[in-house]
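In case you want the letters, here they are:
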Amino acid sequence: MLRVTKIFRFETAHAIFGYCGSCKNIHGHSYVLHVTVQQANPNEGFLDGTGFVMDFKDLKRIVKAQVVDKMDHCIILSEAYLAQNPHLKSLENLDIWPIEPTAENILLKVKSAIEGAMPPEVKLCRLKLYETADSYAEWEA
C-alpha cells in the first residue's frame, strides 16, 4: 500500500480532571502530529495524473485549517474541570470540551476534523500524536 505522511507541530495546554498526578494541573506540550493518507481506491501500477497520492501542499492546507489553526496556543479544558475551576472560563484562548483532553481524545478529535475535510479520492489511514518526545497516541484505520 502506497502512503504519504506529513508532520505538523503545534503548542497546546490542557489539564486532566480527576487525575491524581501532575497532569491535573494546567500544563502545555509541543505536540507533533504525523498525518498519513493513501488512495481511497488504490490500483496496481503507477499513479495516474500528477502521480501524487495527495499533494503535500493540499494536505498541509487541510490539517492547518482543521487542526493547527484551531489548537495552536489554546488551552483545552473539560466541562468537568471548569465546573471545579469556574474562574478559568474567562480565558481568551480557552477551548471547552465535554471530554477530558488526553492525548488519545485529542487524537480522536483530530481524526474527526481531518476525515471530514479529505477529498473523496484520499483516505486518512494513520495518525500519530506525540505529546512528548517519547510518548504518543496512535490511530490506524
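Shown above is the structure to which this text applies.
Residues numbered from 1 in each chain as written. Predicted model: local features only at pLDDT ≥ 70, side-chain atom pairs only at ≥ 80, totals over all residues. Heavy atoms only, no water.

Time to look at unusual backbone geometry. Leave glycine aside and you will find that most residues have negative phi; peptide bonds, for their part, are mostly trans. Positive phi values are uncommon outside glycine, yet His73 reaches one of about 60°. Along the polypeptide, His73 turns up in the loop between helix H1 (56–71) and strand S3 (74–78). (Helix = DSSP H or I, 4+ residues; strand = E, 2+ residues; numbered from the N terminus.)

Summarising the element assignment, Glu92 is placed in the loop between helix H2 (79–84) and strand S4 (94–97). Accessibility expressed as a relative area gives 83% for Glu92, which makes it exposed. The spatial distance from the C-alpha of Glu92 to the C-alpha of Ser78 is 15 Å, given a sequence separation of 14 residues. (Buried < 20%, exposed > 50% of the residue type's maximum accessible area, 1.4 Å probe, protein only.)

Right, let's talk about the pattern of salt bridges for a bit. It is possible for side chains of opposite charge to pair when their charged atoms get near one another. Under the criterion given, the structure shown has six salt bridges. Lys64 serves as the salt-bridge partner of Asp69, at 2.8 Å between the closest nitrogen and oxygen. Connected through salt bridges with shared partners, the residues Arg3, Arg126, Glu138 and Glu140 form a single ionic network. (Salt bridge = Lys/Arg side-chain N within 4 Å of Asp/Glu carboxyl O.)

Here Ala80 lies in helix H2. Judged by relative accessible area, which is 33%, Ala80 ranks as partly exposed. Considered as a pair, Ala80 and Glu100 are 20 residues apart in the sequence and their alpha carbons are 8.2 Å apart.

Further remarks concern the pairing of strand S6 (residues 135–140). Relative to S6, strand S5 (residues 122–132) runs antiparallel, the two being bridged by six bridges. Residue pairing for S6: Leu129 is matched across the bridge by Ala137. What sits between S5 and S6 in their antiparallel hairpin is a turn of two residues. (Pairing = 2+ DSSP bridges.)

Below, the discussion takes up the sheet that holds S4. In space, the six strands of this open sheet follow the order S4-S3-S1-S2-S5-S6, with mixed pairing throughout. The outermost strands of the open sheet, each flanked by one partner alone, are S4 and S6. For this sheet, the mean angle separating the axes of adjacent strands, direction not counted, is 30°. Where helix H3 (residues 103–115) meets the sheet, it contacts strand S1 (3–14), strand S2 (27–39), S3, S4, S5 and S6, and its direction lies at approximately 150° from that of S5. (Axes fitted to C-alpha atoms, helices over the stretch in contact; angles between N-to-C directions. Contact = heavy atoms within 4.5 Å.)

Take it as geometry only, folks, not as evidence of what the structure does.
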